[in-house]
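# Structural overview
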Number of protein chains: 2
Amino acid sequence: MVVQTGVRLSLTEYAVLGLLAREGTSSGYDLMKVAAGSVGYIWSPSKTQLYVVLGRLVDAGLATRRDVPQPDRPDKSLYRLTAKGRQALAEWLDDVDVADDVERHPFLLKLFFGGHGAPDAMVRQLEAYRDSAVARLETYREIERDIVEHDDLERHFGYMTLRFGIARAEATIAWADATLEELAA
Amino acid sequence: MVVQTGVRLSLTEYAVLGLLAREGTSSGYDLMKVAAGSVGYIWSPSKTQLYVVLGRLVDAGLATRRDVPQPDRPDKSLYRLTAKGRQALAEWLDDVDVADDVERHPFLLKLFFGGHGAPDAMVRQLEAYRDSAVARLETYREIERDIVEHDDLERHFGYMTLRFGIARAEATIAWADATLEELAA
DNA sequence: TCATTCATGTAAGCCGTTACATGATTGT
DNA sequence: ACAATCATGTAACGGCTTACATGAATGA
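The structure contained in this document is the topic of the report that follows. A quick note: this is a predicted structure, and the numbers were derived from the prediction, not measured. (Residues numbered from 1 in each chain as written. Chains lettered and ligands numbered in written order. Predicted model: local features only at pLDDT ≥ 70, side-chain atom pairs only at ≥ 80, totals over all residues. Heavy atoms only, no water.)

## A short note on the interface of chain A and chain B
With 65 residues of chain A at the interface, the matching set in chain B holds 65 residues. For the pairing of chain A and chain B, the buried interface totals around 6,700 Å² over both sides, and the portion due to carbon and sulfur atoms is 64%. A per-residue breakdown of the area chain A buries against chain B is headed by Leu93, Phe112 and Phe164 of chain A, which together make up 11% of the total. Counting the contacts that link chain A with chain B gives six salt bridges. Lys110 of chain B is paired through a salt bridge with Asp97 of chain A; the nearest N and O atoms lie 3.4 Å apart. Inspection of the chain A/chain B interface yields 19 residue pairs in polar contact (both at pLDDT 80 or more). Broken down by secondary-structure element, the contributors of at least two residues to the side of chain A that touches chain B are helix H1 (11-23), helix H4 (83-94), helix H5 (106-112), helix H6 (121-150) and helix H7 (157-184) of chain A. No other element matches H7 of chain A, which puts 14 residues into the side of chain A that touches chain B. Of the residues belonging to the side of chain A that touches chain B, the class tally is 35 nonpolar, 16 polar and 14 charged. (Contact = heavy atoms within 4.5 Å. Buried area = accessible area lost by both parts, 1.4 Å probe. Salt bridge = Lys/Arg side-chain N within 4 Å of Asp/Glu carboxyl O. Polar contact = N/O pair within 3.5 Å; in protein donor to acceptor, adjacent residues only side chain to side chain. Helix = DSSP H or I, 4+ residues; strand = E, 2+ residues; numbered from the N terminus. Nonpolar A, V, L, I, M, F, W, Y, C, P; charged D, E, K, R; others polar.)

## Considering H7 of chain A
With 28 residues, H7 of chain A should cover 40 Å at 1.5 Å per step; its first-to-last C-alpha distance of 41 Å lies within 8% of that length. Within H7 of chain A, 20 of the 28 residues are buried, which leaves it mostly tucked inside the rest of the structure. (Expected span 1.5 Å × (residues − 1). Buried < 20%, exposed > 50% of the residue type's maximum accessible area, 1.4 Å probe, protein only.)

## Here's the deal with the pattern of salt bridges
Under the defined criterion, the tally for this structure stands at 21 salt bridges over all chains. In this structure, Arg124 of chain B and Asp94 of chain A form a salt bridge, with 3.5 Å as the shortest nitrogen-oxygen distance. With Arg124 of chain B in helix H6 (residues 121-150) and Asp94 of chain A in helix H4, the pair connects residues from two separate chains. Close ionic contact of Glu103 of chain B with Arg168 of chain B constitutes a salt bridge, the shortest N to O distance being 3.9 Å. Linking Glu103 of chain B in the loop between helix H4 (83-94) and helix H5 (106-112) with Arg168 of chain B in helix H7 (residues 157-184), this pair joins segments that are 65 residues apart in sequence.

## Comments concerning the sheet that holds strand E3 (residues 76-81) of chain A
Note: strands within a sheet are paired through backbone hydrogen bonds, in either parallel or antiparallel orientation. Residues and elements named next belong to chain A. Taking strand neighbours across the sheet as the criterion, the three strands line up as E1-E3-E2 in an open arrangement whose pairing is antiparallel. In this open sheet, the two edge strands, each paired with only one partner strand, are strand E1 (25-27) and strand E2 (63-68). When strand polarity is set aside, the average angle formed by the axes of neighbouring strands in this sheet is 30°. Pairing of E2 with E3 involves six bridges; the strand directions are antiparallel. Looking at the pairing, Thr64 lines up with Arg80 of E3. Contacts from helix H2 (residues 28-36) reach E1 and E3 within the one sheet, and its direction differs from that of E1 by about 100°. Each of E2 and E3 touches helix H3 (residues 47-59); the most contacted strand, E2, lies at about 115° to it. (Pairing = 2+ DSSP bridges. Axes fitted to C-alpha atoms, helices over the stretch in contact; angles between N-to-C directions.)

## Thoughts on unusual backbone geometry
Residue and element names in this part refer to chain A. Positive phi outside glycine occurs at Arg155, with the angle close to 50°. Structurally, the position occupied by Arg155 is in the loop between H6 and H7. Arg155 gets classed as partly exposed once you look at its relative accessible area, which sits at 38%.

## Remarks on the relation of the copies chain A and chain B
The transformation that overlays chain A on chain B combines an axial shift of 0.0 Å with a rotation of 180°, and the residual RMSD is 0.1 Å. Taken together, these values place the two copies in the relation of a two-fold axis. Interface residue correspondence from chain A to chain B reaches 100%, placing this contact among same-surface, isologous pairings. (Least-squares fit on C-alpha atoms with pLDDT ≥ 70 in both.)

## Section: the protein's contact with DNA strand D
In the neighbourhood of DNA strand D, 25 residues make up the surrounding shell, with Tyr29, Lys47, Gln70, Arg73 and Ser77 of chain A lying closest. Within the side chain of Lys47 of chain A, a nitrogen or oxygen atom sits 2.5 Å from a base oxygen of DNA strand D. The side chain of Thr48 of chain A places a nitrogen or oxygen atom 3.4 Å from a base oxygen of DNA strand D. For the surface near DNA strand D, the secondary structure elements donating two or more residues are H2, H3 and E3 of chain A together with helix H3 (47-59) of chain B. (Near = heavy atom within 4 Å.)

## Looking at the packing of H1 of chain A against H4 of chain A
Residue and element names in this part refer to chain A. Between H1 and H4, the shortest axis-to-axis distance is 10 Å and the interhelical angle comes to 115°. Relative to H4, the crossing made by H1 is left-handed. Residues Leu11, Tyr14, Leu17, Gly18 and Ala21 of H1 touch H4, and the partners they reach there are Gly85, Ala88, Leu89 and Trp92. Of the residues that constitute the contact of H1 with H4, the class distribution is seven nonpolar, two polar and no charged. (Left-handed = near helix turned anticlockwise from the far one by under 90°.)

Structural data, given as structure tokens:
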């Protein structure tokens, strides 16, 4: 049973809670780099927004800030979760909200209205989309190799997430190939 | 060759251009209903935003507005594309922008940070996600039946788009099943 | 009698982005 | 000599959402 804090946050705020949870203590600057190298393919904020969010988390009592003066380099602020912050994160992870997501996707929208464009426009569009999916899949495969080699795979949520991306990418490529074939006929 | 109008619009603006292109003439109110019954699963705006966008399209010379007074019902405005509007749409459909999309998805983010929640939280999360994918797939299948029965399938872009959704939904369900099995072990 | 359809909007606000600013230190 | 790293922010704006408002006509 998770105790209710009743806090409602934006996606980015929860993401930062999550990152802080695994990092323990970190500066905004470092969080950006950590994010780029891990959740980056699911979620990546602008640094501006990250700093804003960190400030809000402190204001809401979900994190603490400790300023660290540095002689050589610019001063920095270190953040860490409070008990309340860890609770808010757990609450979010526990909360099942079945918001059926609208696939808000420019490419799909283009395809849908494809009939109003040049006859071959959608072929080029599909090829480009297919190519980017292939490239993405390759990147995922590389990350996968790394995980399988170095990590423990038991309940490895990062790996599960990655395999979601892989499954989707493969499905996308297969669909694009079939659709291109159909357009070529 | 598509002549350049040089216009850059938001996704919603292009979507409205697309809808107007197929409708010919329509009020904002009617566009909302048309959208809900067609592109709804890819893109659905709030009515507020729709009205704002329509106004902007007129200001930009991409559509025209004609006010129609009605005795019984509230007056309405009818919109239709200008040549420039049709051109801007074609231009957009022609333009291949390879913005590799970040899968900005709450569920994935939760899964990624799953280790910081209750041990069984992700099981419930996955089940709910799987269920919603199954429900979505069923809806798609119904739409598909309708299309196959009543429409011409030659270069049917709406159908292609739908099959994308179907392919993704199926991949999602398969992945969720596998992942749930892994968590149960 | 009460909800729904028709039809359009205003006001307020959230989330997020890009552009710009600062300024020492380290690497090429 | 020039770029990149470190480190944090301000300002301005864009896109979108929710809540609220209006008011006659029709159907359960």
